[in-house]
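Examination of the molecular architecture
Each chain is listed here by its residues.
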Amino acid sequence: MLSIIAAIDKKLTLGIKNKLPWNIPGDLKWFKKHTIYKNIIMGYNTWKSINEKPLEKRFNIVISNTKKENKKNIFFTNSIHKAIKKAQNNKFYTKEKEIMIIGGGKIYKKTIKYVTKMYLTHIKTIILGGDTYFPYYNKKKWKRTFIENYKADKINIYDYSFEIVERI
């Protein structure tokens with residue numbers, strides 16, 4: 001199963017200058033909970049944004065035209081289809097067969113038509129100056145299977161909610 005995980009504001013903003021425009025520790029825990037022990041696929045800019053270090057306890061697949069050396073927990077490829085094939089055949093972390101697309105905007109846009117599930121964190125604000133966006137998706141073609149709302153507090157600066165949707 002191919003899934004997306006993303007945090008977006010009310011205007012579908014994902015980032016500014018290759019960084020998250022918010023600091024929501026609750027979202028980072030959600031991200032880890034839903035990606036740990038899975039194959040994850042990301043674009044090269046997302047790879048750069050995590051300081052070019054593989055996320056632990058996950059098999060990291062990076063889509064890039066820049067040639068890099070494959071290592072124990074990291075595989076580079078130049079195609080989404082090759083990335084998905086590698087994840088499907090990878091036995092490194094396979095407690096679950098779910099493959100997670102973790103970003104960025106271009107990768108989400110190219111893969112959204114293939115995914116069956118999305119884990120979305122809705123940040124309840126509008127970020128000004130965003131330059132990376134989540135692709136538009138028709139909400140009528142997705143069924144909500146989970147929602148949980150949180151208020152801003154001392155460590156999470158905005159109200160936010162977690163939502164899981166599945167393709168109808």
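Here we summarise the structure given alongside this text. (Residues numbered from 1 in each chain as written. Predicted model: local features only at pLDDT ≥ 70, side-chain atom pairs only at ≥ 80, totals over all residues. Heavy atoms only, no water.)

1. Side note on unusual backbone geometry
For clarity, the threshold we go by: By the criteria applied, helices consist of DSSP H or I runs no shorter than four residues and strands consist of E runs no shorter than two, each listed in order from the N terminus. To sort residues, take the accessible area from a 1.4 Å probe on protein chains only and compare it with the maximum for the residue type: under 20% means buried, over 50% means exposed, and anything in between is partly exposed.
With an omega dihedral of -5 degrees, the bond running from Gly103 to Gly104 counts as a cis peptide bond. Secondary-structure assignment places Gly104 in the loop between strand S6 (99–103) and helix H4 (105–111). In this structure, Asn51 is a non-glycine residue whose phi angle is positive, near 60 degrees. Inspection of the secondary structure puts Asn51 in the loop between helix H2 (44–49) and strand S4 (59–63). Look at Asn51 and you get exposed, because its relative accessible area is 59%. In this structure, Lys57 is a non-glycine residue whose phi angle is positive, near 60 degrees.

2. Concerning the sheet that holds strand S1 (residues 2–8)
Applied cut-off: At least two bridges found by DSSP between two strands is the condition for calling them paired. Axis geometry follows a simple rule: fit a line to the C-alpha atoms, using only the stretch in contact for helices, then measure angles between N-to-C directions, giving values from 0 to 180 degrees. In this description, contact between two residues means that some pair of their heavy atoms is separated by no more than 4.5 Å.
Spatial ordering of the open sheet is given by S5-S4-S3-S6-S1-S7-S10-S9, a layout of 8 strands whose pairing is mixed. Strands with a single pairing partner mark the edges of an open sheet, and in this sheet they are strand S5 (74–77) and strand S9 (142–150). Strand-to-strand twist in this sheet, taken as the mean axis angle between neighbours without regard to direction, amounts to 20 degrees. Pairing of S4 with S5 involves 4 bridges; the strand directions are parallel. Residue pairing for S5: Val62 is matched across the bridge by Phe76. Relative to strand S10 (residues 160–167), helix H1 (residues 25–35) is tilted by about 30 degrees, and along the sheet it contacts S1, strand S3 (39–43), S6, strand S7 (117–123), S9 and S10. Sheet strands touched by helix H3 (residues 80–89): S1, S3, S4, S5 and S6. Its angle to S4, the strand with the most contacts, is close to 165 degrees.

3. Considering the nonpolar core
Soluble globular proteins: nonpolar side chains tend toward being buried together. Threshold: The definition of a nonpolar core used throughout is a set of buried Ala, Val, Leu, Ile, Met, Phe, Trp, Tyr and Cys residues joined through side-chain atoms within 4.5 Å.
Formed by 26 residues in total, the largest nonpolar core has its most connected members in Ile4, Ile41, Ile101, Val115, Met118 and Phe134. Counting residues in each nonpolar core, the second largest holds 20 residues, with Trp30, Met42, Tyr160 and Ile164 among its members.

4. Brief notes about the pairing of S3
For a regular strand, side-chain orientation follows a simple rule: the groups alternate between the two sheet faces. Quick note on the threshold: By convention, a crossover is right-handed whenever its connection, traced from the first strand over the helix to the second and viewed with the strands pointing away, goes clockwise.
With 5 of 5 residues buried, S3 lies mostly within the body of the structure. Burial along S3 is two-sided: the face carrying Asn39, Ile41 and Gly43 and the face carrying Ile40 and Met42 are both buried. As paired elements, S3 and S4 share 5 bridges and run parallel to each other. Pairing of Gly43 across the sheet is with Ile63, part of S4. Handedness of the crossover joining S3 and S4 through H2: right-handed. Strand direction decides the pairing type here: S3 and S6, joined by 4 bridges, are parallel. In the sheet register, Ile41 faces S6, and the bridge partner there is Ile101.

5. A short note on the environment of Val165
Assignment of secondary structure puts Val165 in strand S10. For Val165 and Phe59, which are 106 residues apart along the polypeptide, the C-alpha to C-alpha distance reads 24 Å. Other than its neighbours up to four places away in sequence, Val165 contacts Thr116, Lys117, Met118, Trp142, Lys143, Arg144 and Thr145.

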